[in-house]
Structures are given as structure tokens and as C-alpha cells.
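Here's the letter readout for the chains.
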Amino acid sequence: MLYEFKPVVMIQTVIDTHNISKIYNPTTIPVYAINDVHLHIERGEFTALVGPSGSGKTTLLNLIGGLDRPDKGNIFINGEDITQLSANELIRFRLHNIGFVFQSYNLIPVLTAKENAEFIMLLQGKRKKEREQRVMQLFRQIGLEEKWNSRPSQLSGGQQQRVAVARALASKPQFVLADEPTANLDSKSAFNLLDIMALLNREENMTFLFSTHDQRVIERARRVITLVDGKITSDTAPAAVNTSHTVPLQQS
Ligand SMILES: Nc1ncnc2c1ncn2[C@@H]1O[C@H](COP(=O)(O)OP(=O)(O)OP(=O)(O)O)[C@@H](O)[C@H]1O
Ligand SMILES: [Mg+2]
């Protein structure tokens with residue numbers, strides 16, 4: 001009889017960037033928005049990307065999310081090099097693999113909270129029953145059951161951002177990229193959103209990579225990567241969370 005070996009803990013690399021650079025204005029005064037960055041993210045990580053304004057956080061998230069292309073280097077997502085994909089392949093890839101949460105929520109005003117949350121699944125061609133089951137399950141987890149029929153204008157900023165997180169997660173993407181997801185929220189709503197992201201990270205082993213300037217948010221991350229002038233200058237766990245989990249710096 002053949003026995004299949006199943007490891008108890010499976011470490012799986014989700015994001016792997018090899019020497020990526022993004023250079024704006026290459027022919028006049030070049031700006032190295034991202035300068036030779038290696039970044040390795042495993043499934044289930046809950047990682048913050050920090051650094052001064054202009055250090056390259058949004059650029060790096062956009063490159064990893066396939067919204068922009070690097071001028072140098074390769075980006076492997078689940079082992080697939082997305083820098084080799086055509087524009088149409090990249091659109092499909094994003095739709096089926098990546099959840100985005102933006103600072104400005106980007107909900108569709110004429111759709112209800114539930115319809116907004118279902119939107120990515122709708123584009124993926126998922127059936128109504130499956131969409132509704134998944135979204136209602138998420139709305140229960142994030143405390144939005146009462147609001148499923150409200151339009152974005154009838155929701156607070158924190159509630160709108162929770163709908164945006166539900167939309168990003170509904171399709172069970174490989175990972176979620178969030179660019180300053182708490183920037184427009186008051187402290188209470190920001191903590192609430194962080195609690196929800198941490199819960200979904202724990203319960204669904206969802207991988208999160210988010211940029212932030214907020215120290216209180218940084219302290220909730222399990223790993224903090226600092227960018228300065230497009231380079232990673234430190235890669236560590238915040239002392240307040242877990243000092244034994246320092247990730248070695250891979251580049252200077
Ligand atoms: N489209 C563009 N054209 C030219 N330069 C750009 C462009 N987009 C970004 N940059 C430059 O690239 C650098 C990195 O910008 P980026 O938006 O990634 O920074 P950031 O860390 O997200 O900043 P913030 O914290 O203010 O959001 C900056 O110097 C910025 O001026
Ligand atoms: Mg930014």
C-alpha cells in the first residue's frame with residue numbers, strides 16, 4: 001500500500017521578487033522609485049511596508065500586484081513570473097490571484113454593500129449562490145450583516161473600508177495588497193479594520209501585505225519591511241509583537 005507523505009506545516013512562497021527596479025524619467029532626471037529589491041513573502045504572512053513619503057511603497061505594491069511593470073528584474077507569484085505575461089494575461093492573473101484594498105475604498109456608488117463585495121466574484125463568473133454564501137459569511141465575520149443592503153454613501157468610512165476588504169477577500173485570492181488601508185479612518189475604525197484583517201489572516205490563512213504610516217498599525221504587523229529611497233533598509237518584527245521572529249535582512 002502506498003502512503004502519501006503530507007507535511008504538517010507547508011511553507012509556500014507566494015511573492016518572490018528578484019532584483020526589481022522601477023525607474024521614472026529615465027532619460028531626464030531618473031528617479032529610482034524601486035532600486036534592486038529582493039522580497040520574499042510566505043503564505044499566511046501579515047506584513048507591513050513602511051518608510052517615508054516617496055520611499056516607494058505604492059510603487060512596490062503596484063509592481064507586485066501587476067498594476068505596473070518593473071524596468072528590471074522578475075516577480076514570481078506562486079512560482080509564475082508575472083513580468084513575462086502579456087497585458088491581457090496580466091489582467092486575468094490579477095482578477096484570479098490578487099485582492100486589492102485602496103486608501104480611497106473605490107466602491108461603486110450605485111451598488112449595495114453586498115453587490116460591491118460580490119463584484120470580483122461576479123467578474124470571475126462565480127454563480128449567484130456561491131457569491132452570496134461567501135459574502136454573507138464574510139459580512140458575519142466583519143460585523144456588517146445589518147448593512148448588506150446599504151449603498152456606500154449610507155456607510156461610514158470604516159464600514160466602507162470593511163466592504164472593500166470583503167470584496168478583496170471574497171474571491172479567496174492568493175494574497176491581499178493594501179495601500180494605506182487605514183489612512184482615511186479615525187483611530188477606532190482603523191483598529192477595527194486591523195482586527196478584521198488579523199482575524200481573516202488567522203482564520204483563512206490569508207496573506208496580507210500592507211503599506212502604512214501609522215505606528216499603531218505597524219505594531220500589529222508580524223513583520224515590518226522598511227523602504228528608504230526605493231531600497232529595503234530593514235526587515236524585522238516589531239519588538240512589541242514578537243522579538244524572536246526577526247527575519248534576516250537579505251540585501252544592503
Ligand atoms: N508616475 C510617476 N512619474 C514619476 N515619478 C513617480 C511616479 N510615481 C511615483 N513617482 C516617484 O517615485 C517615488 C516613489 O513614489 P511612491 O508613490 O511609490 O512613494 P510612497 O512611499 O508610496 O509615498 P507615500 O507614503 O507618500 O504614499 C517618489 O519619488 C515619486 O515622486
Ligand atoms: Mg504611497
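Data block above holds the structure.
As the structure is a prediction and not an experimental result, all values here were calculated from the model.

Caption draft 1: Expanded view of the sheet that holds strand β6 (residues 98-101). Strand order in this open sheet of six strands is β6-β7-β8-β3-β9-β10, and the pairing throughout is mixed. Edge positions in the sheet fall to β6 and β10 (231-236), since each has one partner strand and no second. Adjacent strand axes in the sheet meet at a mean angle of 20 degrees when their direction is disregarded. For strand β7 (residues 175-179) and strand β8 (residues 207-211), the ladder comprises five bridges, and the chain directions are parallel. Residue Asp179 lies in a different strand from β8, and its bridge partner there is Ser211. Against the sheet, helix α1 (residues 57-64) engages β3 (46-50), β7, β8 and β9 (223-228), with an angle of about 150 degrees to β7.

Caption draft 2: Structural context of the site of ligand 1. Around ligand 1, the neighbouring residues are Tyr24, Asn25, Val31, Ala33, Gly51, Ser53, Gly54, Ser55, Gly56, Lys57, Thr58 and Thr59. Of all the secondary structure elements, the ones that give two or more residues to the shell around ligand 1 are β2 (31-42) and α1. In terms of residues, the shell around ligand 1 owes the most to one element, α1, which gives three residues. By residue class, the composition of the shell around ligand 1 is three nonpolar, eight polar and one charged.

Caption draft 3: Representation of unusual backbone geometry within the structure. The phi dihedral of Asp36 falls on the positive side, at around 60 degrees, and the residue is not glycine. Summarising the element assignment, Asp36 is placed in strand β2. Positive phi, close to 45 degrees, is recorded for Glu180, a residue that is not glycine. Topologically, Glu180 is positioned in the loop between β7 and α6 (187-204).

Caption draft 4: The packing of helix α3 (residues 113-123) against helix α4 (residues 128-141), seen in detail. Running from amino to carboxyl end, α3 crosses α4 at an angle of 130 degrees, the nearest separation of the two axes being 10 Å. Comparing their axes, α4 and α3 come out oblique. Along this stretch, α3 crosses α4, giving a crossing that reads as right-handed. Of the residues in α4, those touching α3 at Lys114, Ala117, Glu118, Met121 and Leu122 are Arg131, Arg134, Val135 and Leu138.

Rules used throughout
Residues numbered from 1 in each chain as written. Chains lettered and ligands numbered in written order. Predicted model: local features only at pLDDT ≥ 70, side-chain atom pairs only at ≥ 80, totals over all residues. Pairing = 2+ DSSP bridges. Helix = DSSP H or I, 4+ residues; strand = E, 2+ residues; numbered from the N terminus. Axes fitted to C-alpha atoms, helices over the stretch in contact; angles between N-to-C directions. Contact = placed C-beta atoms within 7 Å. Near = placed C-beta within 6 Å. Nonpolar A, V, L, I, M, F, W, Y, C, P; charged D, E, K, R; others polar. Parallel < 35°, antiparallel > 145°, perpendicular 65-115°, else oblique. Left-handed = near helix turned anticlockwise from the far one by under 90°.

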